[in-house]
Amino acid sequence: MYDITIVGAGIIGTFIAREISKYNISILLIDKENDVANGATKANTALVHAGYDAPTNTNMAYFNVRGNPMFDKVCEELDVPFKRIGSLVLAFDDKDMDIIKNLYQRGLNNGVKDIKILDRKATKKLEPNIGDDVIGALYAKSAGIVGPWELAIALAENAIENGVKLSLNTKVEDIKRLDGHYLIKTNEGEFNSKIIVNCAGVYADELNNIVSNNKFKITPRKGQYYLMDKSLDGLINKIVFQCPTPKGKGVVVAPTVHGNVIIGPDNEIRRYKDDTTTEKDNLNYIRESANRSIKNIAFNKVITTFAGVRADPNTRDFIIGEAEDSKGFINVAGIKSPGLTCSPAIAEYVVNLIDEKFNGLEKKDDFNPIRKKPIRFMELSDEEKNLLIKKDPRYGNIICRCENITEGEIVDAIHRKAGATTVDGIKKRVRPGSGRCQGGFCLPRVMDILAREQNISMENITKDSPSSYYLIGKTK
Ligand SMILES: Cc1cc2nc3c(=O)[nH]c(=O)nc-3n(C[C@H](O)[C@H](O)[C@H](O)COP(=O)(O)OP(=O)(O)OC[C@H]3O[C@@H](n4cnc5c(N)ncnc54)[C@H](O)[C@@H]3O)c2cc1C
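Residues numbered from 1 in each chain as written. Predicted model: local features only at pLDDT ≥ 70, side-chain atom pairs only at ≥ 80, totals over all residues. Heavy atoms only, no water.

Asker: Before we move on, can you summarise the overall build of the protein with the specific residues and values?
Answerer: Counting its regular elements, the protein contains 13 helices and 22 strands. A compact globule built from 476 residues should have a C-alpha radius of gyration of about 23 Å, and the protein, at 22 Å, falls within 12% of that. Taking the principal axes of the C-alpha coordinates as reference, the protein spans close to 60 × 60 × 45 Å. Within the protein, buried positions represent 57% of all 476 residues. The long-range share in the protein, meaning contacts at least 24 apart out of those at least 6 apart in sequence, stands at 70%. (Helix = DSSP H or I, 4+ residues; strand = E, 2+ residues; numbered from the N terminus. Rg over C-alpha atoms; globule rule 2.2 N^0.38 Å. Buried < 20%, exposed > 50% of the residue type's maximum accessible area, 1.4 Å probe, protein only. Contact = heavy atoms within 4.5 Å.)

Here it is in structure tokens:
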């Protein structure tokens, strides 16, 4: 019997797992996928929002403003890239200027600090490449950029270090309420748990609706992106938004923590919850919108396009709390944007809820908040590189030439806690295949290392999902 079972190892589930691993309690974290952060957490704009966008007095506004300042500490403890670079919402006409004034006022109401309205000259000083039509902007100093899946992976690693059990490839298929606990039926067998925390992203409604009569519905809303080559580094300094529309926050042009530029997303309802295809018309719309914000974006430097799916709840706001008719079943559902930004504050809140349920949790004396730092070979001095190669020659073997990733780093990513088992798992952790060639050169070499280290054949290596094989057999 587990005390707590967390369903879903996205940013929300992993944050809660790490937060609750500070206490003497048994915790199981499960996900249907073969890796942590394979849902919305791996495909979003990666922004830590300031907090002026969400309507006042919503969960979204509250957790956004509380979550934003929590990123510095956690990213330092877990060695995850995070930069507080600030954001601009551009105005192109007087109507936009009115929206910006409203956003400014809403920001103040929500408790956002360090926001101001700028005229064209001041905006251009901060962002020299803004479009010619821009007349002013809302500037928020506290907005930032983060590595979302790196953070979720690091949280999972640290949670496991502190006693959490992670079970991947484990899909919750049914839940039965028994006397004082739940029986969770999965494709990997049954688990008993006193408390379930439902962090199942776009599927959280389906789990809630099994156990509770207070049903809700989650609609998938797809957002598509361009990811640009690092040669565009310097095009922009800040996160550049346009004014929000009823459909969402609008197309963003932003630097990433790895030195690329990300452009997107749009916001469209889709029929299927796992539809992450990209579509020409939507990408064209994103391109036209971005060209209005920033001049001379070199769209011949696109290195990939991708899409993520938001979990949009029919309540219009995050659903966080115990289901009234199902004691011990805690929903953390409908966590659409700005869910990434809210994640540390949501985790703190949910752990307080659990603390109340157990009438006070006992703190561990030996909780270790620090994740063992992965070696990033290219960040070492020449002397450190030479020493490391002498100790382990695999660090002298460059596998990915675009991102300069060594064999040693890839092997480490496989054998760490919550280690990678797929090509995308390696890419999420150490970035081979994230550069200009998108794996054109390094893919066979990464597959070879994955096969060798896991003692399986190359034919069994997958891209991400269980059946996404690259090879079907030998030709010669
Ligand atoms: C296009 C887009 C842009 C965004 N931009 C931003 C942004 O810039 N800033 C920001 O703050 N937020 C942003 N967000 C929101 C943010 O990405 C999400 O709020 C956050 O990732 C949600 O995390 P999660 O853990 O709830 O969901 P997910 O990451 O989707 O995780 C849910 C997990 O549950 C698992 N699961 C589902 N069903 C089952 C089951 N039956 N059994 C076992 N496991 C199951 C899934 O496999 C998945 O891993 C954006 C979202 C999108 C889609």
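Asker: A description of the site of the ligand should follow, citing residues and the corresponding values.
Answerer: Neighbouring residues of the ligand: 36 residues in total, closest Asp31, Thr41, Leu47, Ile335 and Thr341. Between the ligand and Leu47, the relevant distance is 2.8 Å, taken from a nitrogen atom to a main-chain nitrogen or oxygen of the residue. A distance of 2.6 Å is found between an oxygen atom of the ligand and a backbone nitrogen or oxygen belonging to Ile335. Protein contact buries 96% of the 1000 Å² of open area that the ligand shows by itself. Those elements that provide at least two residues to the shell around the ligand are α1 (11-20), β13 (218-228), β18 (302-313) and α9 (339-357). Looking at the shell around the ligand residue by residue, the classes come out as 16 nonpolar, 14 polar and six charged. (Near = heavy atom within 4 Å. Polar contact = N/O pair within 3.5 Å; in protein donor to acceptor, adjacent residues only side chain to side chain. Areas by Shrake-Rupley, 256 points an atom, 1.4 Å probe, with all protein chains shown as cover. Nonpolar A, V, L, I, M, F, W, Y, C, P; charged D, E, K, R; others polar.)

Asker: Describe the packing of α1 against α9, listing the residues and the values that go with them.
Answerer: Contact geometry of α1 with α9 gives a least axis separation of 8 Å together with a crossing angle of 45°. It follows that α1 is oblique to α9 by the angle criterion. Like other packed secondary-structure pairs, α1 and α9 cross with a definite hand, here right-handed. Each of Ile11, Ile12, Phe15, Ile16, Glu19 and Ile20 in α1 lies in contact with α9, whose residues at this interface are Gly339, Leu340, Ser343, Pro344, Ile346, Ala347, Glu348, Val350, Val351 and Ile354. For the contact of α1 with α9, the per-class residue count stands at twelve nonpolar, two polar and two charged. (Axes fitted to C-alpha atoms, helices over the stretch in contact; angles between N-to-C directions. Parallel < 35°, antiparallel > 145°, perpendicular 65-115°, else oblique. Left-handed = near helix turned anticlockwise from the far one by under 90°.)

Asker: A description of the pattern of salt bridges should follow, citing residues and the corresponding values.
Answerer: Using the criterion set out here, one finds 37 salt bridges in the structure. Here Arg429 and Asp35 are joined by a salt bridge, their closest N and O atoms 2.7 Å apart. Residue Arg429 is found in helix α12 (residues 423-430), and its partner Asp35 is found in the loop between β2 (27-30) and β3 (47-48); the two are separated by 394 residues along the sequence. You'll find Arg429 and Asp35 in the same group, each marked buried. Of the charged contacts in the structure, one is a salt bridge between Glu268 and Arg270, with a shortest N-O distance of 3.4 Å. (Salt bridge = Lys/Arg side-chain N within 4 Å of Asp/Glu carboxyl O.)

Asker: So what about the sheet that holds β3? Which residues, and what values?
Answerer: Read from one edge of the open sheet, three strands run β3-β8-β4, paired in antiparallel fashion. Unpaired on one side and paired on the other, β3 and β4 (82-83) mark the two borders of the sheet. Across two bridges, the pairing between β4 and strand β8 (residues 144-146) is antiparallel. Looking at β8, one finds that Phe82 is bridged to Val146. (Pairing = 2+ DSSP bridges.)

Asker: Tell me what's going on with helix α3 (residues 71-78), and back it up with residues and numbers.
Answerer: Note on helix geometry: an α-helix contains 3.6 residues per turn, so any two residues three or four positions apart are oriented the same way. Looking only at α3, the buried set comprises Phe71, Val74, Cys75, Glu77 and Leu78. Here the buried residues of α3 occupy an arc of 160° about the axis, which is enough to place them on one side. The outward face of α3, more than 90 degrees from its buried face, is lined by the exposed residues Lys73 and Glu76. Within two residues after α3, Asp79 carries a phi angle of roughly 60°, on the positive side. (Arc of directions from axis to C-beta.)

Asker: Summarise the nonpolar core; cite the residues concerned and give the values.
Answerer: As a rule of thumb, soluble globular proteins bury nonpolar side chains together. Residues Ile6, Val197, Val332 and Ile346 are the most contacted members of the largest nonpolar core, which totals 55 residues. By residue number, the principal contributor to this core is α9, which donates nine residues. Not counting the four nearest positions on each side in its chain, Val332 is found in contact with Ile12, Ile16, Val197, Asn198, Cys199, Ile319, Ile320, Ile346 and Val350. Formed by 26 residues, the second largest nonpolar core is a distinct cluster that contains Ala50, Ala140, Val252 and Val257. (Core = buried A, V, L, I, M, F, W, Y, C linked by side-chain atoms within 4.5 Å.)

Asker: Talk me through the packing of helix α2 (residues 59-67) against α9; I want residue IDs and the actual numbers.
Answerer: Running from N to C, α2 and α9 point in directions that differ by 100°, and their axes come no closer than 7 Å. Considering their axes alone, α2 and α9 lie roughly perpendicular with respect to each other. On the side of α2, the interface is formed by Met60, Phe63, Asn64, Arg66 and Gly67, while α9 contributes Thr341, Cys342, Pro344, Ala345, Ile346, Glu348 and Tyr349. Taken together, the residues of the contact of α2 with α9 break down into seven nonpolar, three polar and two charged.

Asker: Run through the state of the cysteines, naming residues and quoting values.
Answerer: In total, this model carries zero disulfides according to the counting rule given. Cys75 forms no disulfide, and the closest cysteine sulfur to it belongs to Cys342, at a distance of 15 Å. (Disulfide = S-S within 2.5 Å.)

Asker: Quick one: what's the story with helix α7 (residues 204-211), residue by residue and with numbers?
Answerer: Those residues of α7 not exposed but buried are Ala204, Asp205, Leu207, Asn208 and Val211. Along the long axis of α7, the arc covered by the buried residues comes to 165°, so they all point the same way.

Asker: Give a detailed account of the packing of aromatic side chains, specifying residues and quantitative values.
Answerer: Per the counting criterion, the structure on display carries seven aromatic pairs. Both rings, one in Tyr62 and one in Phe63, keep their centres 5.0 Å apart while their planes meet at 80°; by these two values the pair is edge-to-face. For Phe63, a relative accessible area of 2% translates into the label buried. Geometry around Phe441 places Arg401 over its ring, the cationic atom sitting 4.8 Å from the centre. (Phe/Tyr/Trp six-rings, centres within 6.5 Å; stacked < 30°, edge-to-face > 60°. Lys NZ or Arg CZ within 6 Å of the ring centre and 35° of its normal.)

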